[in-house]
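Structural features, examined
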Amino acid sequence: MAASDLVKSKLDEFFWEWLCLPESQKIVRQSIQYAKGDSSSLETPAPSPHFSAFRGAPAGRPSPPGSPLSRGLIRDTLSTSDSGSSATSAGSDWQSASTAAPTPSSPRQSGQQTGSPATPAAPPVRADAAGAARALPGGESHVIPRFWWPKRSRPSDTLSPETRNQIHDHFVKQGITDGIRTYQQLEPIVTEVFNLSKYFVVPIFHKIKVFYDIIDSSAKSKAALLNPSPVPINEQMLISWCQGKIQTDDLVLSFFYVVKKEHNDWIEREDFSIFLMTILLTHPGLDFLRETQEFQDRYADTVISRIFFVYDQKDVGRIYLSSLRRYKPSVIETWKQLAEHDDIKMVRDYFSYEHFYVIYCTFWELDSDHDFLLDKDDLLKYDGHALSRRTVDRIFSETPTKFTSAVPGKMGYEDFLRFLLCDQDRQTDRSMEYWFHMFDLDGDGCIRDHEMKYFYEEQVQRMECLNYDTIPFADILCQMNDMISPKSEGQFRLRDFKKRRKFAGTFFSLFSSLNKFLAFEHRDPFQARQEQLDNPSYSDWDRWCADEYLRLAMEEGEDDDNNRGMGDDG
């Protein structure tokens with residue numbers, strides 16, 4: 001019922017939009033006049049290519065649904081020429097009007113014989129004494145205001161006068177006469193005029209200096225980024241740099257053109273490096289990392305990988321403008337949130353140090369030889385040996401996603417990060433696509449019973465080894481059909497999981513992770529509901545990271561206590 005109401009509402013919207021067009025109103029008015037038999041004063045509307053269908057189709061061709069011709073309003077009037085003087089008058093009026101407004105040749109005019117008379121071009125419109133078109137019955141018509149504007153694909157080549165004035169006002173307010181020398185002077189312009197993050201100030205300051213050859217583009221050290229500019233940047237220099245890069249009424253467009261290289265139409269991983277370096281150098285929540293270059297690099301790699309995981313859905317190493325507009329959570333808004341929180345753990349999307357700590361420690365625990373590469377045996381230890389060997393083999397076949405490590409048979413840090421995000425939050429589109437391709441063994445776009453049984457057989461064997469009661473596959477299949485509700489029972493397509501994304505993670509977990517399978521079988525629905533109520537804004541990923549961070553912190557505390565105890569004994 002809700003779907004039919006939605007369709008009816010949309011059709012009504014389209015109808016009223018059509019009805020508000022001037023030529024549509026003329027057609028409606030003339031139709032009403034013909035229905036009333038009133039054609040004493042008629043006016044033929046000018047031909048329009050957009051309304052060619054309403055001029056009348058050649059004989060033998062159907063008219064569009066809902067047109068005056070298809071409703072018989074014109075034909076009925078013409079066919080009653082022998083029924084009275086009013087009909088005769090209408091016919092004569094029609095002939096005089098049709099001679100004044102020629103129409104495209106009909107089959108009869110081109111020499112073709114048809115069984116029906118030629119259809120007139122278009123019914124004329126009657127005007128009132130003042131010459132104005134008569135309003136629609138029941139009140140005046142109102143044109144629907146424009147409600148959609150296409151997004152820009154590039155910023156304007158010139159800044160608006162309003163933006164120029166705002167920049168000038170900030171120069172005056174700060175008493176800058178010879179030009180901007182420090183990034184602190186540029187900060188209010190970036191945050192208040194450009195509406196970009198506070199942590200975009202230093203990169204923009206650096207890009208302007210490179211643009212005017214004040215410094216070399218390769219100079220990205222702490223001193224090069226934070227030191228004053230040897231050449232002052234005056235108001236006109238700043239405006240010239242902004243043109244073609246800053247669009248104050250489109251934050252996404254400004255972000256895209258500021259971050260990317262000028263000769264590219266996309267953002268690459270390298271483009272974010274200077275922006276992450278700025279956060280590491282200036283954010284108060286990351287002060288403790290400034291003396292550990294290795295962890296700074298790992299943190300930056302983790303943040304950039306998480307950004308590309310969301311926006312580079314095809315794993316091509318590029319982020320396009322359309323992707324920035326489409327996918328969530330918004331990295332632009334998250335970047336602005338960094339200025340609102342001194343504790344970076346409060347920003348959960350992309351930049352959370354707590355999340356980085358969990359990811360890095362999880363990888364480090366699995367990497368037994370610490371070469372920053374994982375093999376199959378390393379990954380089998382993940383989550384307490386939860387993954388089945390068939391699942392691990394499928395992952396290393398690189399069917400769900402290609403590895404970036406460039407070492408055959410090895411999973412790199414970025415590859416593991418992508419796997420971890422897909423495993424711990426199986427309700428996202430990326431995760432569902434990852435696991436769907438994992439189980440679609442023949443690649444036909446559909447998961448069938450034999451493919452599920454292939455993975456479930458190993459789950460049964462492992463449960464039997466642990467003396468757990470096993471569940472027949474037929475019962476599991478029936479339960480999955482009820483949970484996902486595919487169009488055809490036993491045939492699960494990607495769209496079925498996206499429609500029932502709340503249960504998609506459960507489906508994939510049952511066939512790949514023994515821990516998640518047992519957790520589902522012994523779940524407490526009241527506890528799960530309470531967890532949702534305690535942190536309603538948390539995703540599955542956020543909850544897992546919070547639990548893991550607490551576990552790691554407790555283990556680290558126990559290790560410290562043990563070390564102190566050994567020292568006291570000594």
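Bear in mind that the values here come from a model prediction, so they are computed numbers and not experimental data.

Another aspect to go through is the overall build of the chain. Looking only at helices and strands, the chain features 27 helices and 2 strands. Counting every position in the chain, which comprises 570 residues, the buried fraction comes to 42%. Once local pairs closer than 6 in sequence are excluded, the contacts in the chain between residues at least 24 apart make up 63%. In the form shown here, the chain has an accessible surface area of approximately 30,600 Å², with 52% of it arising from carbon and sulfur atoms.

Right, let's talk about the pattern of salt bridges for a bit. Pairing is possible between side chains that carry opposite charge, provided their charged atoms lie close to one another. Within the structure shown, the criterion is met by 28 salt bridges. Residues Lys245 and Glu262 are paired through a salt bridge, measuring 3.5 Å at the closest nitrogen-oxygen approach. You can see Lys245 sitting in the loop between helix 9 (235–242) and helix 10 (251–259) and its partner Glu262 sitting in the loop between helix 10 and helix 11 (273–282), a full 17 residues away along the chain. One salt-bridge network, held together by shared partners, links Arg269, Asp315, Glu414, Asp415, Arg418 and Arg430.

Further remarks concern a nonpolar patch on the surface. Nonpolar side chains collect at one region of the surface, where Phe15, Trp16, Ile144, Phe147 and Trp148 lie side by side and expose about 600 Å² of accessible area between them. Among the secondary structure elements, Ile144 is positioned in the loop between helix 4 (85–100) and helix 5 (161–173). Under the relative-accessibility criterion, Ile144 is labelled partly exposed at 36%.

Before going further, it helps to examine the environment of Ala504. Topologically, Ala504 is positioned in helix 24 (residues 501–512). Leaving out residues up to four positions away in the same chain, Ala504 has contacts with Arg426, Met432, Ile484 and Phe497.

Bringing unusual backbone geometry into the picture now. Going from Lys328 to Pro329, the amide bond is cis rather than trans, its omega being 0°. Among the structural elements, Pro329 can be located in the loop between helix 13 (321–326) and helix 14 (331–337). Even without a glycine there, the phi angle at Asp383 is positive, about 55°. The exposure class of Asp383 is partly exposed, given its relative accessible area of 34%.

Here we take up the packing of helix 6 (residues 183–193) against helix 7 (residues 201–211). As a packed pair, helix 6 and helix 7 sit with axes 9 Å apart at the nearest point and diverge in direction by 110°. Taken as axis vectors, helix 6 and helix 7 run roughly perpendicular relative to one another. Our pair here, helix 6 against helix 7, has a crossing hand that is right-handed. In this structure, helix 6 contributes Tyr183, Leu186, Glu187 and Val190 to the contact, and helix 7 contributes Val201, Val202, Ile204, Phe205 and Ile208.

All right, on to the nonpolar core then. Phe272, Tyr299, Trp335, Phe351 and Phe511 are the most contacted members of the largest nonpolar core, which has 127 residues in total. Looking at this core element by element, the count peaks at 9 residues for helix 12 (residues 293–311). In contact with Trp335, other than residues within four places in its own chain, are Ser197, Tyr199, Phe200, Phe255, Phe272, Phe275, Leu276, Ile279, Ile307 and Phe351.

For the rest of this paragraph, the subject is the environment of Leu324. Note on placement: Leu324 falls in helix 13. By relative accessible area, which is 5% here, Leu324 ends up buried. The sequence separation of Leu324 and Val252 amounts to 72 residues, and the corresponding C-alpha distance is 7.0 Å. Beyond its immediate stretch of four places on either side in the chain, Leu324 contacts Val252, Phe255, Phe256, Ile267, Tyr311, Ile319, Val331 and Ile332.

Our next topic: the packing of aromatic side chains. Applying the stated criterion across every chain, the model contains 47 aromatic pairs. Ring centres of Phe211 and Tyr212 lie 4.9 Å apart, and the angle between their planes is 90°; on these two criteria the pair is classed as edge-to-face. Given the relative accessible area of 27%, Tyr212 is considered partly exposed. Seen from the ring of Phe308, Arg269 lies directly overhead, with NZ or CZ sitting 5.7 Å from the centre. Here the guanidinium or amino end of Arg426 rests over the ring plane of Trp435, the centre of that ring lying 3.9 Å away.

Attention now moves to the side chain of Arg462. Secondary-structure assignment places Arg462 in helix 21 (residues 449–465). For the buried residue Arg462, which engages in no salt bridge, the nearest side chain bearing the opposite charge is Glu458, 5.1 Å off. Polar side-chain contacts of Arg462 include one of 2.4 Å to the backbone oxygen of His385. A polar side-chain atom of Arg462 sits 3.5 Å from the main-chain carbonyl oxygen of Leu387.

Another point: the side chain of Ser405. Relative to the assigned elements, Ser405 resides in the loop between helix 18 (389–396) and helix 19 (413–424). Once you skip the residues sitting within four places of it in the chain, Ser405 turns out to touch Leu373, Lys410, Met411, Gly412 and Asp415.

This next bit is on the packing of helix 11 against helix 12. Packing of helix 11 against helix 12 leaves a shortest axis separation of 10 Å and a crossing angle of 125°. By the angle between their directions, the pair helix 11 and helix 12 is classed as oblique. Two packed elements cross with a definite hand, and for helix 11 against helix 12 that hand is right-handed. Every residue of helix 12 that contacts helix 11 at Ser273, Leu276 and Leu280 is listed here: Gln296, Tyr299, Ala300, Val303 and Ile304. Its residues assigned to classes, the contact of helix 11 with helix 12 comprises 6 nonpolar, 2 polar and no charged.

Another aspect to go through is the confidence of the model for the chain. On average, residues of the chain score 82 in pLDDT, and 79% of them are at 70 or above. Predicted confidence is poor over residues 45–136, with pLDDT under 50, and the contacts of this stretch with residues over four places away or in other chains come to 116 contacts.

The subject of this paragraph is helix 6. Those residues of helix 6 that sit buried are Tyr183, Leu186, Pro188, Ile189, Val190 and Val193. Where helix 6 is buried, its residues touch helix 5, helix 7, helix 8 (222–226) and helix 9. Just downstream of helix 6 lies Asn195, where phi reads positive at about 60°.

Among the 11 residues in helix 7, 8 count as buried, and that is most of the element. All of the buried residues in helix 7 are Val201, Val202, Pro203, Ile204, Phe205, His206, Ile208 and Lys209. In this structure, the buried side of helix 7 is in contact with helix 6, helix 8, helix 9, helix 10 and helix 11. Once helix 7 ends, the next one or two residues include Asp213, with phi positive near 55°.

Rules behind the numbers
Residues numbered from 1 in each chain as written. Predicted model: local features only at pLDDT ≥ 70, side-chain atom pairs only at ≥ 80, totals over all residues. Heavy atoms only, no water. Helix = DSSP H or I, 4+ residues; strand = E, 2+ residues; numbered from the N terminus. Buried < 20%, exposed > 50% of the residue type's maximum accessible area, 1.4 Å probe, protein only. Contact = heavy atoms within 4.5 Å. Areas by Shrake-Rupley, 256 points an atom, 1.4 Å probe, with all protein chains shown as cover. Salt bridge = Lys/Arg side-chain N within 4 Å of Asp/Glu carboxyl O. Patch = residues over 30% accessible without salt bridge, like charges linked within 9 Å, V, L, I, M, F, W, Y side chains within 5 Å. Axes fitted to C-alpha atoms, helices over the stretch in contact; angles between N-to-C directions. Parallel < 35°, antiparallel > 145°, perpendicular 65-115°, else oblique. Left-handed = near helix turned anticlockwise from the far one by under 90°. Core = buried A, V, L, I, M, F, W, Y, C linked by side-chain atoms within 4.5 Å. Phe/Tyr/Trp six-rings, centres within 6.5 Å; stacked < 30°, edge-to-face > 60°. Lys NZ or Arg CZ within 6 Å of the ring centre and 35° of its normal. Lys, Arg positive; Asp, Glu negative; His and termini not counted. Polar contact = N/O pair within 3.5 Å; in protein donor to acceptor, adjacent residues only side chain to side chain. Nonpolar A, V, L, I, M, F, W, Y, C, P; charged D, E, K, R; others polar. pLDDT = per-residue confidence, 0-100.

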